[in-house]
Amino acid sequence: MDLNNFTTVEQMEAETARLRECAACSGAETWEDRKKAQTPSCKFGEDGVCCRICSMGPCRITPKAPRGICGADANAIAGRNYLRMIAGGTAAHSDHGREICHTLHSTKKDGHYQVKDEAKLLRLAKEWDIPTEGKDIYDIAHEVALAGMMEYGKPFGTQRFLNRATDERQKLWNDLGIAPRAIDREIATAMHMTHMGNTADAEALVMQGLRTGMADGWGGSMMGTEMTDILFGTPMPKDTEGDLGVLEKDMVNIIVHGHDPAMSEMIVVAAEDKDLLDYARSKGAKGINIAGLCCTANEVTMRHGVRMAGNFLQQENALLTGIVEMITVDVQCIFPSLGPLSECFHTKFITTSPIARIPGSTYVEFHPETAREQGRDLVRQAIDNFDKRDPAKICVPTRKQPARVGYSCEAILKELNGVTNSHVDERDTYKPLIDCIKAGVIRGAVAIVGCNNPKVRPDHSHIEIMKKLLANDIIVITTGCAAQAAAKAGLLRKEAKDLCGAGMKRVCELVGIPPILHMGSCVDISRMMLLATDIAKDWGIDIPQVPVVGCAPEWMSEKAVAIANYVVSTGIDTYLGIEPQVKGSVQMMELITEGTRKLTGAGYIINTNPDTLVQAMIDGIEAKRAALGI
Ligand code: SF4
Ligand code: SF4
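Keep in mind that what you see is a predicted model, and the values were worked out from it rather than measured.

The rules behind each value
Residues numbered from 1 in each chain as written. Chains lettered and ligands numbered in written order. Predicted model: local features only at pLDDT ≥ 70, side-chain atom pairs only at ≥ 80, totals over all residues. Heavy atoms only, no water. Helix = DSSP H or I, 4+ residues; strand = E, 2+ residues; numbered from the N terminus. Rg over C-alpha atoms; globule rule 2.2 N^0.38 Å. Buried < 20%, exposed > 50% of the residue type's maximum accessible area, 1.4 Å probe, protein only. Phe/Tyr/Trp six-rings, centres within 6.5 Å; stacked < 30°, edge-to-face > 60°. Lys NZ or Arg CZ within 6 Å of the ring centre and 35° of its normal. Near = heavy atom within 4 Å. Nonpolar A, V, L, I, M, F, W, Y, C, P; charged D, E, K, R; others polar. Domains from an automatic or database assignment. Pairing = 2+ DSSP bridges. Disulfide = S-S within 2.5 Å. Salt bridge = Lys/Arg side-chain N within 4 Å of Asp/Glu carboxyl O. UniProt positions renumbered as here; feature names shortened; annotations may be inferred. Contact = heavy atoms within 4.5 Å. Axes fitted to C-alpha atoms, helices over the stretch in contact; angles between N-to-C directions.

A. Looking closely at the overall build of the protein chain. Helix and strand content of the protein chain: 24 helices and 16 strands. For 630 residues, the compact-globule estimate of 2.2 N^0.38 gives 25 Å, and the C-alpha radius of gyration of the protein chain, at 24 Å, lies within 12% of that figure. Along the longest, intermediate and shortest principal axes, the C-alpha atoms of the protein chain span 70 × 65 × 55 Å. Across the 630 residues of the protein chain, 61% fall into the buried class.

B. View of the packing of aromatic side chains. Applying the stated rule across the entire model yields four aromatic pairs. A centroid spacing of 5.0 Å and a plane angle of 65 degrees characterise the contact between Phe-312 and Phe-335, whose relative ring orientation is edge-to-face. One end of the pair, Phe-312, is in the loop between β6 (307-310) and α13 (315-320); the other, Phe-335, is in the loop between β7 (326-329) and α14 (338-343), and 23 residues separate them in sequence. For the residue pair Phe-312 and Phe-335, the accessibility class agrees, reading buried in each case. Cation over ring: Arg-357 sits above Tyr-363, and NZ or CZ is 3.5 Å from the ring centre.

C. Helix α19 (residues 480-489), seen in detail. Judged by how many residues are buried, α19 sits mostly within the fold: ten of ten residues are covered. Positive phi appears at Gly-490, one or two residues downstream of α19, with a value of about 90 degrees.

D. Spatial organisation of the site of ligand 2. Near ligand 2, the surroundings consist of His-259, Cys-294, Cys-295, Phe-312, Cys-333, Gly-450, Cys-451, Cys-481, Cys-522, Met-556, Ser-557 and Lys-559. Grouping the constituent residues of the shell around ligand 2 by class yields eight nonpolar, three polar and one charged. Composition of the shell around ligand 2 by domain shows at least three residues from each of domain 2 (244-393) and domain 3 (402-628).

E. Molecular detail of the pairing of strand β13 (residues 516-520). For β13, the tally of buried residues reaches five of five residues, placing the bulk of the element in the interior. Where strand β12 (residues 474-479) lies against β13, four bridges are found, and the strand directions are parallel. Directly across from Thr-479, in β13, lies its bridge partner Gly-520.

F. Up close: the state of the cysteines. Overall, the coordinates contain zero disulfides when judged by the stated rule. Here Cys-42 is not disulfide-linked; the sulfur of Cys-50 is the nearest cysteine sulfur, at 5.8 Å.

G. Quick peek at the pattern of salt bridges. Counted by the stated rule, this structure contains 51 salt bridges. A salt bridge links Arg-98 to Asp-95; the nearest nitrogen and oxygen atoms lie 3.0 Å apart. Placement of the pair is Arg-98 and Asp-95 together in helix α4 (residues 74-105), with a separation of three residues, close to one helical turn. According to the relative accessible area criterion, Asp-95 is partly exposed, its value standing at 25%. Several salt bridges share partner residues, and in doing so they unite Lys-120, Arg-123, Asp-229, Glu-299, Arg-303, Glu-410, Asp-524 and Arg-527 into one network.

H. View of the UniProt feature "binding site: [Ni-4Fe-4S] cluster" (unreviewed entry) in the protein chain. In this structure's numbering, the residues bearing the UniProt feature "binding site: [Ni-4Fe-4S] cluster" (unreviewed entry) are His-259, Cys-295, Cys-333, Cys-451, Cys-481 and Cys-522. In terms of the greatest pairwise C-alpha distance, the residues named above, spread along 264 residues, form a tight cluster of at most 13.1 Å across. By the element assignment, Cys-451 lies in the loop between β11 (444-448) and α18 (460-471). Classification of Cys-451 as buried rests on a relative accessible area of 8%. Beyond its immediate stretch of four places on either side in the chain, Cys-451 contacts His-462, Cys-481, Glu-554, Trp-555, Met-556, Ser-557 and Ala-560.

I. Highlighting unusual backbone geometry. Put simply, Thr-39 and Pro-40 share a cis peptide bond, and its omega is 0 degrees. Note that the residue after Gly-57, namely Pro-58, is joined by a cis bond; omega there is 5 degrees. Position of Pro-58 relative to the elements: it lies in the loop between β1 (50-51) and β2 (59-60). For Asp-243, which is not glycine, the phi torsion reads 105 degrees and is therefore positive. In this fold, Asp-243 is placed in the loop between β3 (238-242) and β4 (252-258). Unusually for a residue other than glycine, Gln-332 sits at a positive phi of about 70 degrees. Relative to the assigned elements, Gln-332 resides in the loop between β7 and α14. Among the residues examined, Gln-332 registers a relative accessible area of 16% and is labelled buried.

J. A look at the domain arrangement of the protein chain. When its domains are assigned, the protein chain resolves into domain 1 (71-232), domain 2 (244-393) and domain 3 (402-628). Domain 2 and domain 3 are separated by 31 Å when their C-alpha centres are compared. For the interface between domain 2 and domain 3, the tally reads zero salt bridges. Looking at the side of domain 2 that touches domain 3, the elements that each hand over two or more residues are α12 (294-304) and β6.

K. Just the site of ligand 1, in detail. Residues in contact with ligand 1, as listed here, are Cys-51, Ile-53, Cys-54, Met-56, Gly-57, Cys-59, Gly-68, Ile-69, Cys-70, Ile-77, Arg-80 and Met-196. Here the residues of the shell around ligand 1 are counted per class, giving nine nonpolar, two polar and one charged.

L. Spatial organisation of the sheet that holds strand β14 (residues 548-552). Reading across the sheet, the six strands line up as β13-β12-β11-β14-β15-β16 and stay open at both edges, with parallel pairing between neighbours. Two strands close off the open sheet at either side, each with one partner strand: β13 and β16 (604-606). Neighbour to neighbour, the strand axes of the sheet diverge by 25 degrees on average, direction disregarded. Each of β11, β12 and β13 touches α19; the most contacted strand, β12, lies at about 115 degrees to it. Sheet strands touched by helix α21 (residues 525-539): β11, β12 and β13. Its angle to β12, the strand with the most contacts, is close to 145 degrees.

Next comes the structure, spelled out in structure tokens:
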């Protein structure tokens, strides 16, 4: 295969530069300009030692002033700031999960939202002891949705999804006191603990960080993934494309951006309505083209193969093309700059959730009872906007890459069934994968997740780390903006097997998979937790022993910090390419790198150099193999 067929980071940067040049005439400003204006950033903030949680402050820690006015030291301040980040991240994912529960609760046989995966719904009902015999599927859906919502605020017990973990993990979480109770309760506890005059002990803050993170990964995020699969279908492998070249000059381009798929699903469905297609054609367009950004893109690509325009730091670039008729967003990771930027172009910027109200947008609040019509109405408005493009501002992107997506756990098991002997082998287990790892043809797995961050070259760490892992026979699973970086680079193609070592290449050929498996959006990292758990169960070992690690090379959001905490709680080492903002506290740095390892069997490994970071991961996987004697 011609390796030049992969897109390099340099090519991506050249495309960005070209778009910015075009945009310069329209006076548009992008994150690169604002990053410059914000540099250098405040050292106290970088180190996590400024505090403004009461009005005696703000206080900041210096050698001359080692305590805030209340007496809080660097450990307390950095620890509290860190825990508040985790609470913020957990709140975001969990509220997303709750919204999806509400959407499931609104389903009706002839309603705007319906149940697509009945088998998954019935499995969850059984898991939660909800009787199903002789009941209407929608009654079951409503009961399951309600039970899911109760997980947010139940007064007693711990979260139901924890029962899915290995027995060893469940015992450990209980023994350590980090088994989360109700999802909202852990967020509230974190906010309470970090209020002025409460916890100043860094260790206690880190422990609550683990528990709050778990409320996300084994609570809110898992809820989001499960309910979304039930509503819109469990993803299965399918072909699509990624990068800005998926925008079509001759078509009405609508971008869906954010996280919660309830709105984007309605746009995707509406764009297929014949009368709207005819309407688009009547306006001179060849059709309606839906493309996604960030995790909303991941949701709709996993289930419908909708093409991905790009990831977090590409959101402004999409508008700079001048050919986006509408960008419609739901929640999270939406730059407020889209307001002024869309005003530079003909692009309509639509916000749809009371959680994300942004100046410069048109607000259309989505409701389950009217969602279908609202989706159609937005598509119609986008069509009406098609002939308002300014030819002087059009800068058509050139690059796109084919990608194969849709690797839910169910899909991975199905692919593995394809290489079992139905006469002698068990089906629906990870045994074929485990055999490959034991034999050493695959050395292990790395989950590459997370965002882009202007502190590093966008996508460079994602792509370089992925390539090096493949060359070392390490399979990569990916979600979020990391997955989109892989898509843009062409690494989600089956042909990417040519980048692998001989062992992995053979496995990819036999199973018929790309060497990097796109597992979905950020809430779908909960799929990865279940994958690691079920591999451990099928193998007969505990999770920290499995040669698998997590990595967030370019993380930026509070959600990423929450994710890192549940991954570590689950017993999976987490490699970070961006330093957490706790450096001003030696104790906090020790706790998150080594302290948690003594408790959960995993911790952070932090290194801002991608080459060193990836080598540390390879060494970490080889050390786990050696400990297993394989
Ligand atoms: S809580 Fe303490 S350290 Fe923080 S702002 Fe108030 S007085 Fe300062
Ligand atoms: S990976 Fe990060 S930037 Fe991308 S959608 Fe998720 S939280 Fe947002």
